[in-house]
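Here are the chains, one letter per residue:
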Amino acid sequence: FAITAVIAYLYISATGVYILPDFLFGLLGQKMLAIDPTARLSMWWDVHQGKKTEIDFLNNAVVAAADKLGIEAPANRRIVHLIKQVEAGEIAIGF
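The structure displayed is predicted, hence computed values, not measured ones.

## A word on the overall build of the protein
Secondary structure assignment for the protein yields 5 helices and 0 strands. Residue burial in the protein is summarised as follows: out of 95 residues, 21% are buried. For the protein, contacts bridging at least 24 residues in sequence account for 33% of all contacts bridging at least 6. Looking at the protein as shown, the accessible area adds up to about 7,500 Å², and 66% of this sits on carbon and sulfur atoms.

So this is what it looks like as C-alpha cells:
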C-alpha cells in the first residue's frame, strides 16, 4: 500500500491532477468495492426491527436543503415518503 501511495503522490505532483489513474484506482478500489453479500444498511435493520429510522437526518435533510435552494429532489422525496409509510405501518416490505 505504501508504494501505491507514493505512486499517487508522484502522479499528483507531476501532473497537478488529483484524479487517480485507472491502474491506481484498480488497486485501491478492489478492496473498497468488495461488499459482504450479507451486509445490510442500518436503515434496513431499523425497518426490519420495527424501529424509527434515521430518514429525517439523511434523505429528508437533502429534501429540506433542496427546498431552501428552490430545486427538486424527487428521488429523495419519494424515498422519504416510502420510508415514512413503512414506519407508520401503512405499507409492508418483504425481507
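Structure's up, so let's keep going.
## Section: the packing of aromatic side chains
In this structure the tally under the stated criterion is 1 aromatic pair. Seen in terms of ring centroids, Trp 44 and Trp 45 are 4.7 Å apart; in terms of plane orientation they differ by 90°. Their pairing is edge-to-face. Overall, the relative accessible area of 27% leaves Trp 44 in the partly exposed class. Owing to a relative accessible area of 39%, Trp 45 belongs among the partly exposed residues under this scheme. Over the ring of Trp 44 we find Arg 40; its NZ or CZ atom is 5.4 Å from the centre of that ring.

## Some thoughts on the packing of helix α4 (residues 59-69) against helix α5 (residues 74-87)
Contact geometry of α4 with α5 gives a least axis separation of 8 Å together with a crossing angle of 135°. Here α4 is positioned oblique relative to α5, judged by the angle of their axes. As α4 packs across α5, the resulting crossing turns out to be left-handed. Residue-level inspection shows Asn 59, Asn 60, Val 62, Val 63 and Asp 67 of α4 in contact with α5, the latter providing Asn 76, Arg 77, Ile 79 and Val 80.

## Some details on the nonpolar core
Counting residues in each nonpolar core, the largest one holds 5 residues, listed as Met 43, Ile 55, Val 63, Val 80 and Ile 83. Apart from residues no more than four positions distant in its own chain, Val 80 is found in contact with Ile 55, Asn 59, Asn 60 and Val 63.

## Topic: the environment of Asn 59
If you trace the backbone, Asn 59 turns up in helix α4. The spacing of Asn 59 and Asn 76 is 17 residues in sequence and 5.4 Å in space, taken between C-alpha atoms.

## Considerations on α5
An α-helical turn contains 3.6 residues, so a residue and the one three or four places further along point in the same direction. With 14 residues, α5 should cover 20 Å at 1.5 Å per step; its first-to-last C-alpha distance of 20 Å lies within 8% of that length. Taken residue by residue, α5 has Asn 76, Val 80, Ile 83, Gln 85 and Val 86 as its buried positions. Looking at the packing, one finds that the buried side of α5 touches α3 (42-48) and α4. With its phi angle positive at about 80°, Gly 89 sits one or two positions after the end of α5.

Rules of the game
- By convention here, each chain's residues receive numbers from 1 onward along its written sequence.
- Totals for whole chains, interfaces and linings use all residues, but because this is a predicted model, local features are given only for residues with pLDDT of at least 70 and pairs of side-chain atoms are given and counted only at 80 or more.
- Computation of side-chain values covers all heavy atoms of the structure but excludes hydrogens and water.
- Put simply, DSSP marks the helices as runs of H or I at least four residues long and the strands as runs of E at least two long, and each gets a number from the N terminus on.
- Relative accessibility decides the category of a residue: with a 1.4 Å probe and only protein chains considered, values under 20% of the type maximum give buried, values over 50% give exposed, and everything between is partly exposed.
- By definition, residues are in contact when any of their heavy atoms lie within 4.5 Å.
- The Shrake-Rupley method, run with a 1.4 Å probe, gives the accessible areas here. Residue values count only the displayed protein chains as cover.
- Stacked, edge-to-face and tilted are the three classes for Phe, Tyr and Trp ring pairs, Trp counted by its six-membered ring, which pair at centre distances within 6.5 Å; planes under 30 degrees apart are stacked, over 60 edge-to-face, the rest tilted.
- Whether a charge sits over a ring comes down to the Lys NZ or Arg CZ being within 6 Å of the ring centre and within 35 degrees of the ring normal.
- Axis lines are fitted through C-alpha atoms, for helices just across the contact stretch, and the angle between N-to-C directions can take any value from 0 to 180 degrees.
- Just so you know how the angles are binned, under 35 degrees is roughly parallel, over 145 roughly antiparallel, 65 to 115 roughly perpendicular, and the rest oblique.
- Less than a right angle of anticlockwise turn of the near helix away from the far helix marks a crossing as left-handed, whereas a clockwise turn marks it as right-handed.
- We define a nonpolar core as any set of buried Ala, Val, Leu, Ile, Met, Phe, Trp, Tyr and Cys residues linked to one another through side-chain atoms lying within 4.5 Å.
- The span one expects for a helix is its residue count, reduced by one, times 1.5 Å.

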